[in-house]
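# Overview (structure and organization)
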Amino acid sequence: MNNLQPGRAPVYEMLEQYKLKGNISYHVPGHKNGEAYRNTGGAGYLADVMRYDATEITGTDDLHHPEGVIQEAQELAADCFGAEESFFLVGGSTSGNLALILTVCYEPGMLLILQRNVHKSVIHGLMLAGAQAVFLEPQIDPGSGLAVAPAVETVQAALAAYPEAAAVLVTMPNYYGMGSDLAPLAQACHDSGIPLLVDEAHGAHYGQHPALPAGALAQGADGVVQSTHKMLTALTMGAMLHVQGPWLDRALLRQRLAMVQSSSPSYPVMASLDLARRLLHSQRAGAFTAGLAAVDVLRRGLAVLPRFGLLQPAVPLQRTCGGADAAETDTPPQHGVAYGTQDTFKAVIYDAAGVLGGFELQRRLEERGIVPEMSDDRHVVLAFSLGSKAEDAAVLLEALRDIAAQTACGVPQRSGTGSAFDSGCGLASVSDATAGSGFVLNSAPIVESQSDSTSRTILAAASYNKGEEAMSAFSSLNSTWNNFSTSLISAPVRFSTKPVAARETESITLEASAGRVAAEMVIPYPPGIPLLYPGEIITESICGRLGSLRAGGAKFQACADPALQHIKVYNIQKGGEV
């Protein structure tokens, strides 16, 4: 890697030459550089893509045995992102998560320690590996009520309880751009002789500018998956897997990648990964100038538009990517703080007056041509990037001003996804709050990991306080990112690909499911965090949360009824009632 040229994009340049040569194709793909459509009206905008849609022939290299341009491109990526070795992924971060899990859990029954609020691809990896999972409860940010990652003390306790664990896997940052210090987790893993795996799908840009948090590799992680298409500039499905250190079997990892990725990978997607890396490699921090300017426009605008709040940690960023000098000024994490870093490019806004919930705010923004990344019961996530523009942020601010004017405090919104607040912009009574708000205040406490007294405190605050913080602590529990277990560390849960037999299940209404055993996975989307796994008991609180999300307009995947009016449970004969 000593003669690398950061200004090159080997795969992209090779495809340019492929097109210019115009060789006659007697190989796949069958569209023959788009010629198959010439006499049928053409392929429209896809015609240009097809001229670059190559396959593994002489000179194009092979993703699964790279020796030429792909090898060079991956070496450049490793240099850019600070890895010892990097791999292109054409199946998104999903394929990277699958490959990592199948590498560390190479035999059925092996055990993986991981936070409970993981992406569904991680669960699918557990199923394919036939692994056992020990789930750790994530820490909750008290200001927003959102789940982040497990505390280092929880990870250490799990490692002590399960010394046979093959690895620890965490997600950092979460969908909201929230994060915490990974270095202590990496140290705990290495002290136990196992790797730390990080699903950094939303943090591919981390470590590339002083205004951004440090990346997982810089904090000691061993295997890191990044969605280059999410917060950087690759085409959709373009991602990378970065590795370092002695804790991963890289030969086995390559074999696992060949298993889970197509043997006919998309060359346009790989070329886009090459371009995304070149943009960063050549411009470095300068690549973020326009995007950061757009974020600054929003921040300044919100400062004089108090109707809408902006999520940010109470503790200053602990670890930035400003190099050695920055390391001397890092703010040490406070004990028990769940949330210390915020992605500058993830602007998470909410109605500070409480008139509009997140789902309704997103709907109103979309009516005005502004399309957010996602929303939950309280928040709307706005994803900025290198491609964002200040003038677009100005349009967003104007839309927010218009929404604020049309939904003044004296006109509470109660149409299905509306407000739990009264006409004076304060919090209404508990009975009033349930009307059309998406909240289920009459159910058991939503957060199982909290004590009953703590949960009652939240509800009491929601009843009697007129402040924003009390409602935030309660309503944000309805985020699809959050998922809670009954203890900090679960018992091992075995996963497999064996399907649930239909004769052992029945479909019942969601409202009647409390106390039954789930026979299907339930995944609110986005962001794709499973709330229930087959074999788990549906507690009253989980039942209430699912009902709340349903009322709020969330969508559900993996379950037979995507509207979640009904849910599959094991029948009584199977032992489906507890």
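Residues numbered from 1 in each chain as written. Predicted model: local features only at pLDDT ≥ 70, side-chain atom pairs only at ≥ 80, totals over all residues. Heavy atoms only, no water.

## With respect to the layout of surface pockets
Empty space left among the atoms is revealed by rolling a probe the size of a water molecule over them. Computed from the structure, the largest pocket encloses a volume of approximately 530 Å³. In terms of lining, the largest pocket is formed by 24 residues, of which the most central are Ser496, Lys498, Val500, Pro534 and Tyr570. Broken down by element, the residue count for the lining of the largest pocket peaks at three residues, all from helix H5 (residues 120-129). (1 Å grid on protein atoms, 1.4 Å probe; cavity = no way out; pocket = protein on both sides within 12 Å on 5 of 7 lines; lining within 4 Å. Points joined across faces, edges and corners; volume = space filled by probe spheres on them. Helix = DSSP H or I, 4+ residues; strand = E, 2+ residues; numbered from the N terminus.)

## Observations regarding the nonpolar core
Buried together is how nonpolar side chains tend to be arranged in soluble globular proteins. Ranked by internal contacts, the top residues of the largest apolar core, which has 57 residues, are Phe288, Leu298, Leu361, Leu365, Phe384 and Leu400. Beyond its immediate chain neighbours, meaning those up to four positions away, leucine 400 contacts Leu298, Leu302, Leu305, Phe308, Ile349, Leu361 and Leu365. Residues Ala78, Ala83, Val134 and Tyr176 belong to the second largest nonpolar core, which totals 38 residues. (Core = buried A, V, L, I, M, F, W, Y, C linked by side-chain atoms within 4.5 Å. Buried < 20%, exposed > 50% of the residue type's maximum accessible area, 1.4 Å probe, protein only. Contact = heavy atoms within 4.5 Å.)

## Some details on the packing of helix H1 (residues 10-21) against helix H10 (residues 267-283)
The N-to-C vectors of H1 and H10 enclose an angle of 130 degrees; their axes lie 7 Å apart at closest approach. On the basis of the axis angle, H1 is oblique to H10. Between H1 and H10, the contacting residues are Pro10, Val11, Tyr12, Glu13, Met14 and Leu15 on the first element and Tyr267, Pro268, Met270, Ala271, Asp274, Leu275, Arg277 and Arg278 on the second. Broken down by class, the residue content of the contact of H1 with H10 amounts to 10 nonpolar, no polar and four charged. (Axes fitted to C-alpha atoms, helices over the stretch in contact; angles between N-to-C directions. Parallel < 35°, antiparallel > 145°, perpendicular 65-115°, else oblique. Nonpolar A, V, L, I, M, F, W, Y, C, P; charged D, E, K, R; others polar.)

## Regarding the environment of methionine 231
Of note, methionine 231 is situated in helix H8 (residues 228-231). For methionine 231, a relative accessible area of 3% gives the class buried. Expressed as a C-alpha distance, the spacing of methionine 231 and phenylalanine 345, which sit 114 residues apart in the sequence, is 8.2 Å. Discounting residues that sit within four places of it in the chain, methionine 231 has contacts with His202, His205, Asp343, Phe345, Lys346, Ala383, Phe384, Ser385 and Leu386.

## A word on the pairing of strand E11 (residues 346-351)
The buried fraction of E11 is high, at six of six residues. A two-sided burial pattern is seen for E11, the buried positions comprising Lys346, Val348 and Tyr350 on one face and Ala347, Ile349 and Asp351 on the other. Judged from the three bridges that link them, strand E9 (residues 308-310) and E11 form a sheet pairing that is antiparallel. Along E11, the bridge assignment pairs phenylalanine 308 with aspartate 351. Two strands pair when backbone bridges link them, and E11 and strand E13 (residues 379-383) are joined in this way by five bridges, in the antiparallel orientation. Paired with isoleucine 349 across the two strands is valine 380, which belongs to E13. (Pairing = 2+ DSSP bridges.)

## Examining the sheet that holds strand E14 (residues 493-494)
Ordered in space as E1-E8-E7-E6-E4-E2-E3-E14, the eight strands form an open sheet in which the pairing is mixed. If you trace the sheet from one side to the other, it starts and ends with strand E1 (85-89) and E14, each paired once. As defined by bridge partners, strand E3 (residues 132-136) adjoins E14 across two bridges and the pair is classed as antiparallel. If you follow alanine 133 over to E14, its bridge partner there is valine 493. Strand contacts of helix H4 (residues 92-104): E1, strand E2 (111-115), strand E4 (167-171), strand E6 (196-199), strand E7 (223-226) and strand E8 (239-243), with the helix running at about 160 degrees to E7, the strand carrying the most contacts.

Purely geometric stuff here, so don't read any function into it on its own.
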